[in-house]
Amino acid sequence: MAPPQGPRAPLEFGGPLGAAALLLLLPATMFHLLLVARSGPARLLGPPPYLPGLEALWSPRALLLWFTWLGLQAGLYLLPARKMAEGQELKDKSRLRYPINGFQALVLTALLVGLGVSVGLPLGALPEMLLPLAFAATLTAFIFSLLLYLKSLAAPASALAPGGNSGNPIYDFFLGRELNPRISFLDLKYFCELRPGLIGWVLINLALLVQEVELWGSPSLAMCLVNGFQLLYVVDALWHEESILTTMDITHDGFGFMLAFGDLAWVPFTYSLQAQFLLHHPQPLGLPMASIICFINATGYYIFRGANSQKDTFRKNPSDPRVADLETISTATGRRLLVSGWWGMVRHPNYLGDLAMALAWSLPCGVSHLLPYFYFFYFTALLVHREARDERQCLQKYGLAWHEYCQRVRYRIVPYIY
């Protein structure tokens, strides 16, 4: 007789029907954005200027370039790391070890790209390959997700994610059944989370800036701000790579199409939307407005980094002088909830900083088009949804202590608003 199973996590995203819809909607949205960003009207809500045929999407050269990029980042992942970090405790009481060398991979990638450009690598030609590259990334995400699903069928129950083993193949394919799929030393989810897509985003931005210089003779202030802001964000993520080990993506979500497509395709080809827009729709930007935008981004980054650093410091060592004086609430699990400092202002101050930066990334594109603000609207919806998932999990985990925390910290993301 099979052992009894505990209650399954509630289904996300509208269950199997919602997951099936997102399997089509997410790639369609990405390709829509790529097409309209280069069109004259650049209408976010209008139809794309044309529907590309297979000859515009399929390119053996782009496929080779894409797999070369994945191979390069996998090779850099396997290089000696500056440290090895342990993840959270798993169901079987074990802890996985992770190499902390993402920043090292970014620096080495920059050196290799710089060397390539010095010997004639046509970096400015990369923007013309975005469609076939995005198609290659999407195709990879579907095939990769199928292989992950098949691999998970042989995984022990202790290796499965809380929410990705519903028994419905479509839903589990989308959300991911296995929590930490690995091939030898290569942790597939951890690798994809910060390496190929995030570093690829920076590279695409740089290529768009290079093509702008080739077209107009010099980079625009707006393009420089977008590149600088987003480079800072990526550098910060890779420098603080270890902190990702406590995020929901790593500790709770399985590795399926949702994360595979998001990491490999959505991030590099959608997050670079502002730079894509500016290449085809140059925007004048004066120093006074640029200074205001820089202030908004700096404020967002200050909140984002301050909140995350405070949380990470407290989790590692609650007695650290930087957090020892903060007020806390005890929980039945033995952990304590911060109720002062950044985490006494709102329940998710890091999300507040994220949203301020998202706005600053869009403002250099002016206000004549809605398209560059897609990231801000999408990210707002994403963070509100993620915050709701956090609330459910924290309520289940901490019970009365979470109720007390919510009474003390009333606002979720934006003080006095939400």
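Since we're looking at a predicted model, the values are computed, not measured. (Residues numbered from 1 in each chain as written. Predicted model: local features only at pLDDT ≥ 70, side-chain atom pairs only at ≥ 80, totals over all residues. Heavy atoms only, no water.)

K.L.:
Before we go on, may I ask you to explain the overall build of the protein in this structure?
P.N.:
Helix and strand counts for the protein stand at 16 helices and six strands. Its C-alpha atoms put the protein at 60 × 55 × 45 Å along the principal axes. The proportion of buried residues among the 418 residues of the protein is 52%. Here the analysis covers contacts within the protein between residues at least 6 apart in sequence; of these, 76% occur between residues at least 24 apart. A total of about 19,600 Å² of accessible surface is found on the protein, and carbon and sulfur atoms cover 67% of it. In the protein, 30 side chains carry a positive charge and 27 a negative one; their mean positions are 4 Å apart. (Helix = DSSP H or I, 4+ residues; strand = E, 2+ residues; numbered from the N terminus. Buried < 20%, exposed > 50% of the residue type's maximum accessible area, 1.4 Å probe, protein only. Contact = heavy atoms within 4.5 Å. Areas by Shrake-Rupley, 256 points an atom, 1.4 Å probe, with all protein chains shown as cover. Lys, Arg positive; Asp, Glu negative; His and termini not counted. Charge placed at Lys NZ, Arg CZ, Asp CG, Glu CD.)

K.L.:
Even after reading the chapter, I still don't get the pattern of salt bridges, so can you show me in this structure?
P.N.:
Taken as a whole and assessed by the stated rule, the structure comprises 14 salt bridges. Between Glu12 and Arg389 there is a salt bridge, with its nearest N and O atoms 3.3 Å apart. Remark: Arg389 occurs in helix H15 (residues 374–398) and Glu12 occurs in the segment before helix H1 (15–37); sequence separation between them is 377 residues. Taken as a pair, Glu12 and Arg389 share a single burial class, namely buried. (Salt bridge = Lys/Arg side-chain N within 4 Å of Asp/Glu carboxyl O.)

K.L.:
Help me understand the packing of helix H4 (residues 102–118) against helix H9 (residues 221–239) in this model?
P.N.:
How two helices pack is summed up by the angle between their axes together with the distance between the axes. Where H4 meets H9, the closest approach of the two axes is 7 Å, and the angle between their N-to-C directions is 135 degrees. When the interaxial angle is binned, H4 and H9 end up oblique. For the pair H4 and H9, contact is made by Gly102, Phe103 and Leu106 and by Val235, Leu238 and Trp239, respectively. Split by residue class, the contact of H4 with H9 holds five nonpolar, one polar and no charged. (Axes fitted to C-alpha atoms, helices over the stretch in contact; angles between N-to-C directions. Parallel < 35°, antiparallel > 145°, perpendicular 65-115°, else oblique. Nonpolar A, V, L, I, M, F, W, Y, C, P; charged D, E, K, R; others polar.)

K.L.:
What am I meant to see in the environment of Ala105 here?
P.N.:
The topology assignment puts Ala105 in helix H4. Sequence separation of Ala105 and Leu76 is 29 residues, and the distance between their C-alpha atoms is 5.6 Å. If we skip the residues at most four places from it in the chain, Ala105 touches Gln73, Leu76, Arg195 and Ile199.

K.L.:
Would you take a moment to explain helix H14 (residues 349–362) for this structure?
P.N.:
The α-helix advances 3.6 residues per turn, and as a result positions three or four apart in sequence lie on the same side. Spanning 14 residues, H14 covers 21 Å between terminal C-alpha atoms, matching the ideal 20 Å at 1.5 Å per step. Of all the 14 residues making up H14, 12 are buried; the element is thus mostly covered by neighbouring parts of the structure. Among all positions of H14, only Pro349, Asn350, Tyr351, Leu352, Gly353, Asp354, Leu355, Met357, Ala358, Ala360, Trp361 and Ser362 are buried. Packing partners of the buried residues in H14 comprise helix H8 (196–216), H9, helix H12 (273–280), helix H13 (287–316) and H15. (Expected span 1.5 Å × (residues − 1).)

K.L.:
I would appreciate a short explanation of unusual backbone geometry in the present structure.
P.N.:
Negative phi values dominate among residues other than glycine, just as trans dominates among peptide bonds. Positive phi, normally seen in glycine, also occurs at Lys93, with a value near 75 degrees. Within the secondary structure layout, Lys93 lies in the loop between strand E1 (84–86) and strand E2 (97–99). Non-glycine residue Ser184 carries a positive phi angle of around 55 degrees. Following the sequence through the fold, Ser184 ends up in the loop between strand E3 (182–183) and strand E4 (186–187).

K.L.:
I keep staring at the nonpolar core and nothing clicks. Help me out?
P.N.:
Generally speaking, a soluble globular protein has its nonpolar side chains buried in company with each other. Among the nonpolar cores identified, the biggest contains 124 residues, and Met30, Phe269 and Leu371 are the most heavily contacted of them. In this structure Met30 touches Ala134, Thr138, Phe261, Ala265, Trp266, Phe269 and Thr270, once residues within four positions along its chain are discounted. (Core = buried A, V, L, I, M, F, W, Y, C linked by side-chain atoms within 4.5 Å.)

K.L.:
Explanation requested: a nonpolar patch on the surface in the structure shown.
P.N.:
Together, Leu54, Trp58, Leu139, Phe142, Ile143, Leu146, Leu147, Leu150 and Leu153 line one region of the surface with nonpolar side chains, adding up to about 860 Å² of accessible area. Looking at which element gives the most residues to the nonpolar patch, the answer is helix H5 (residues 130–152), with six residues. Checked against the element boundaries, Leu150 lands in helix H5. The class for Leu150 is partly exposed, based on a relative accessible area of 48%. (Patch = residues over 30% accessible without salt bridge, like charges linked within 9 Å, V, L, I, M, F, W, Y side chains within 5 Å.)

K.L.:
Would you explain the confidence of the model for the protein in this entry?
P.N.:
Taken over all residues, the pLDDT of the protein has a mean of 90, while the share at 70 or more is 98%. This stretch, residues 1–7, has a pLDDT under 50; its non-local contacts, to residues over four places away or in other chains, come to zero contacts. (pLDDT = per-residue confidence, 0-100.)

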